[in-house]
Amino acid sequence: FDKSLFHNGLDIGKCAFVEDAALYSMEVSGEFCIASTVFKGTANFSFSVFNTTIWMLNSVNFGMDTDFSSCVFNGMMEIENVTFGVGATFKNATFNEVCDFIECEYYEDMIFESENPKNRMFNKTIRFNLNENNMYGCFHFQNVDFFKIVEKDRVYLLQVQKDNRTIIGSGCIKYRTQS
């Protein structure tokens, strides 16, 4: 699907990708939905633009590296019951709408880093719904607006920072001060 245009959305369901999946440099309008699907190899969505009314992953298992680097998400996102087996990279991605991770499992590194000081990645609220039963890897943040993460998750991420389960790097806006 690399370098593809989907003007009426993209819906993938009940599939198993046994090799690497190249889904990069796509442009999707309408709805984007991947449901009840297994990616056994790496899944590369990098450099894609999603001008969607809804962007949804539901009951998806990513067995290897998953790359969303430099993606632009211009619609509400719902990521539900997704397993990130070897982690995911959202380097230089932009979230322009609310993003909700619901009942996901994170087994290795989840990377949210921006190389551009003007792109703080999260332009709207992001919710990870984190707890000790679903976060086995480490969350990495660099140059992101950490304050856009809902308070419950933000507090949890700060707590587990001492256990090296969160790395909050330079350029992160962690605290708001009022003068």
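These figures come from a predicted structure and were not determined experimentally. (Residues numbered from 1 in each chain as written. Predicted model: local features only at pLDDT ≥ 70, side-chain atom pairs only at ≥ 80, totals over all residues. Heavy atoms only, no water.)

## A look at the packing of aromatic side chains
Two aromatic rings are characterised by how far apart their centres lie and by the angle between their planes.
Working step 1: Evaluation of the coordinates by the stated rule reveals 35 aromatic pairs.
Working step 2: A ring pair is formed by Phe84 and Phe101, whose centres lie 6.5 Å apart and whose planes are at 50 degrees; its orientation type is tilted. In this pair, Phe84 sits in strand β11 (residues 83–84) while Phe101 sits in strand β14 (residues 99–102), placing the two residues 17 residues apart along the sequence.
Working step 3: Judged by relative accessible area, which is 0%, Phe101 ranks as buried.
Working step 4: Measuring from centroid to centroid gives 5.6 Å for Phe112 and Phe141, while their planes differ by 15 degrees, and the two rings are stacked. Residue Phe112 is found in strand β16 (residues 110–113), and its partner Phe141 is found in strand β18 (residues 139–142); the two are separated by 29 residues along the sequence.
Working step 5: Owing to a relative accessible area of 0%, Phe112 belongs among the buried residues under this scheme.
Working step 6: Lying across the ring of Phe147, Arg154 places its NZ or CZ 4.3 Å from the centre. (Phe/Tyr/Trp six-rings, centres within 6.5 Å; stacked < 30°, edge-to-face > 60°. Helix = DSSP H or I, 4+ residues; strand = E, 2+ residues; numbered from the N terminus. Buried < 20%, exposed > 50% of the residue type's maximum accessible area, 1.4 Å probe, protein only. Lys NZ or Arg CZ within 6 Å of the ring centre and 35° of its normal.)

## Quick notes on the sheet that holds β18
Working step 1: Pairing in this open sheet of seven strands is parallel, and the strands run β4-β6-β8-β12-β16-β18-β19 from one edge to the other. Here the strands that pair on one side only, and so sit at the sheet edges, are β4 (21–22) and β19 (166–168). (Pairing = 2+ DSSP bridges.)

## Thoughts on the state of the cysteines
Working step 1: For the structure shown, the criterion picks out zero disulfides.
Working step 2: For Cys33, which is in no disulfide, the shortest distance to another cysteine sulfur is to Cys15 and amounts to 11 Å.
Working step 3: In this model Cys104 remains outside any disulfide bridge; the closest cysteine sulfur is found in Cys99, 9.0 Å from its own.
Working step 4: We classify Cys104 as buried; its relative accessible area is 2%. (Disulfide = S-S within 2.5 Å.)

## Concerning the nonpolar core
Working step 1: Counting 50 residues, the largest nonpolar core has Phe45, Phe90, Phe112 and Phe141 as the members making the most contacts within it.
Working step 2: Of all the secondary-structure elements, those providing two or more residues to this core are β2 (10–13), β5 (27–39), β7 (49–62), β10 (76–80), β14, β16, β18 and α1 (151–159).
Working step 3: Looking at which element gives the most residues to this core, the answer is β7, with five residues.
Working step 4: When neighbours within four sequence positions are excluded, Phe112 is seen to be in contact with Phe90, Phe95, Met121, Phe122, Phe128, Phe139, His140, Phe141, Gln142 and Val144. (Core = buried A, V, L, I, M, F, W, Y, C linked by side-chain atoms within 4.5 Å. Contact = heavy atoms within 4.5 Å.)

## As for the pairing of β7
Working step 1: In this structure, β5 lies alongside β7, joined through 12 bridges in parallel fashion. Of the residues in β7, the one forming a bridge with Gly30 is Thr52.
Working step 2: Alignment of β7 against strand β9 (residues 72–73), held across two bridges, turns out to be parallel. Note on β9: the bridge partner recorded for Val49 is Val72.
Working step 3: Bridge analysis of β7 against β10 gives five bridges, and the strand direction is parallel. Residue Met56 lies in a different strand from β10, and its bridge partner there is Glu78.
Working step 4: Inspection of the sheet shows β7 paired to β11 by two bridges, in the parallel sense. Residue Phe62 lies in a different strand from β11, and its bridge partner there is Phe84.

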